Amino acid sequence: MNILVIGSGGREHALCWALKKSPLVDRLYCAPGNGGIEEIATLVPINVEEIGEIIVFCKGNAIDFVVIGPENPLVIGLVDALEAEGIKSFGPNAAAAALEGSKGFMKDLCRNYNIPTAAYQRFDNVTAAKSYLPSQSFPLVIKADGLAAGKGVVIVQTRAEAETVIDEIFGGQFGGAGNEIVIEEFMQGEEASFFVLTDGQNILPLATAQDHKAVGDGDTGANTGGMGAYSPAPVMTPEMINKTIETIIKPTVAAMRSRGTPFTGVLYAGLMITTTGPKLIEYNVRFGDPECQVLCARLDSDLLPALMATANGNLANIKLCWKPEVALTVVMAANGYPDAYEKNTIVRGLEKAGNIKDVVVFHAGTIRKDSNILANGGRVIGITATGKTTKQASEKAYSGVNAIDWPQGFCRSDIGWRAIKRELQG
């Protein structure tokens, strides 16, 4: 089969890396890809949102199946366009992608179908949003309704801070994504990521994972797209997994079906594990980045049939096997990220890091120029390692980090700290 992967990040490198192993794959393409993906797939210079050009490429190159990595093309209807041309793909159509495309839509679905989540209100103007604040206790969470590249969520400690954030969002900080906002209660607990594949009716739970959103050690500093991840997540005990499936995942899949907008693809639940059980923070309608890297590192089955089954409606026939090892990814980002950062700096030592036993280097914001790999994004590479324990996987991943020669980059030094602490406590 000829497969096209859409995207250019670490998630897409991991997907290409996993798909490349499939005996079903003949030709593997990636649009637009990056400097690392170039080694395993043919790069196609088409932007992820250029739907017309993607369709033309698929027809001209006999593409059998399209795997869509990022959320933007899903929300603007790439799956719908492919479907109209009879091309199968992995991911939800635009109506179902609203689960991520509109936080208000997701929260209303939770309210209407009794899915546990934080208490909230939606607002479409500054005055109403500010008048809601005196009745609330702080901290609060303020979210831009639409897609804001993972940066549209702010935790505010005071009313004054909340008013400033409301002004900024409605003032155009996130463009059209901030035409509406959601204000919700701040939930206490530990975060976890839970992924299931679904064909609109059946679900297939994947391995658990936990990511690190904050830019600094000890989970401090600004929110990012993700500075690292590990799988499995010890906080997701068998009991917690079962509760999540029964109270959050199954009701969501059933709700989307009953609305006439069945969800197919991967449903990624961002969870808060509270004293009363799991609560939904948000849904993403694609694999997480960098969680995808740790999931692919642990997967011990052919990924392609599982992805295709979501589109073909026969997910009930699929079983996936997972390696018992822990996988852990450390993201190296450009100095200054998530704010302004320098581009086109040379990243050296990638081959040396990749040659370490049980280490794989996934590229994110890179381009290949002549014989050099240049950093051209905020998050640039994800060093992924497997080990018997989280501590062992962490040690291997950081030995990979130490092999990288890139003075203009940084990483957190404590990825996996919660799981390592649990292991030490026995």
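For the structure, see preceding data.
Please read all numbers here as calculations on a predicted model, not as lab measurements.

This paragraph deals with the overall build of the chain. Each helix and strand counted, the chain has 14 helices and 24 strands in total. Expected size for 426 residues packed as a compact globule is a radius of gyration near 22 Å; at 21 Å, the chain falls within 12% of this value. Relative to all contacts within the chain whose residues are 6 or more apart in sequence, the contacts with residues 24 or more apart total 69%. Summed over its atoms, the accessible surface of the chain is roughly 17,000 Å², and 49% of this surface lies on carbon and sulfur atoms.

Residues of helix 2 (residues 51–60) that are buried: I51, I54, I55, F57 and C58. One side of helix 2 holds all its buried residues, which, seen down the axis, span an arc of 165°. Opposite the buried face of helix 2, at more than 90 degrees from it, the exposed residues are V56, K59 and G60. Looking at the packing, one finds that the buried side of helix 2 touches strand 1 (2–7), strand 2 (27–32), strand 4 (65–68) and helix 4 (78–84). In the stretch just after helix 2, A62 is the one whose phi turns positive, near 50°.

Here we come to unusual backbone geometry. Following F138, the chain continues to P139 via a peptide bond in cis, the omega torsion being 0°. With respect to the helices and strands, the residue P139 is situated in the loop between helix 7 (126–132) and strand 7 (140–144). Cis geometry is found at the peptide bond from Y337 to P338, where omega equals 10°. With respect to the helices and strands, the residue P338 is situated in the loop between strand 18 (326–334) and strand 19 (345–347). The phi dihedral of N344 falls on the positive side, at around 65°, and the residue is not glycine.

This brings us to the sheet that holds strand 17 (residues 277–284). The 4 strands lie next to each other as 11-10-16-17, forming an open sheet whose pairing is antiparallel. Either end of the sheet is taken by a strand with one partner, and the two such strands are strand 11 (203–205) and strand 17. Between one strand axis and the next, the sheet turns through 35° on average, direction left out of account. Looking at chain direction, strand 10 (residues 190–198) and strand 11 are connected through 3 bridges and run antiparallel. Looking across to strand 11, one finds that V196 is bridged to P205.

Attention now goes to the nonpolar core. By size, the foremost hydrophobic cluster in this structure holds 50 residues, and its most contacted members are L4, I6, V66, L99, M236 and Y283. The leading source of residues in this core is helix 9 (residues 238–258), at 7 residues. When residues no more than four places from it in sequence are discounted, the contact partners of M236 are A192, F194, T208, I241, T244, L271 and I273. One finds C30, F65, F287 and L295 within the second-largest nonpolar core, a separate group that totals 43 residues.

Rules used in this analysis
- Counting of residues starts from 1 at the beginning of each chain's written sequence and follows it residue by residue.
- It should be noted that, the model being predicted, local features are given only for residues of pLDDT at least 70 and side-chain atom pairs only at 80 or more, the latter also being counted only at that level, while totals for whole chains, interfaces and linings use all residues.
- Water and hydrogen atoms play no part in the side-chain values, which are based on all heavy atoms of the structure.
- Counting from the N terminus, the helices are the DSSP runs of H or I reaching at least four residues and the strands are the DSSP runs of E reaching at least two.
- Values of the radius of gyration come from C-alpha atoms, whereas the globule rule sets the reference at 2.2 Å times the count of residues to the power 0.38.
- In this description, contact between two residues means that some pair of their heavy atoms is separated by no more than 4.5 Å.
- All accessible areas in this document rest on Shrake-Rupley with a 1.4 Å probe, and a residue is counted as covered only by the protein chains that are shown.
- Think of it in three bands: with a 1.4 Å probe and only protein chains considered, a residue is buried below 20% of the maximum accessible area for its type, exposed above 50%, and partly exposed in between.
- Starting at the helix axis, one direction is taken to each C-beta atom, and the arc is that of these directions.
- Paired strands, as defined in this entry, are two strands with at least two bridges between them according to DSSP.
- Lines fitted to the C-alpha atoms define the axes, with helices restricted to the stretch that makes contact. Angles between their N-to-C directions range from 0 to 180 degrees.
- Here, nonpolar core means buried Ala, Val, Leu, Ile, Met, Phe, Trp, Tyr and Cys residues that are tied together by side-chain atoms lying within 4.5 Å of each other.

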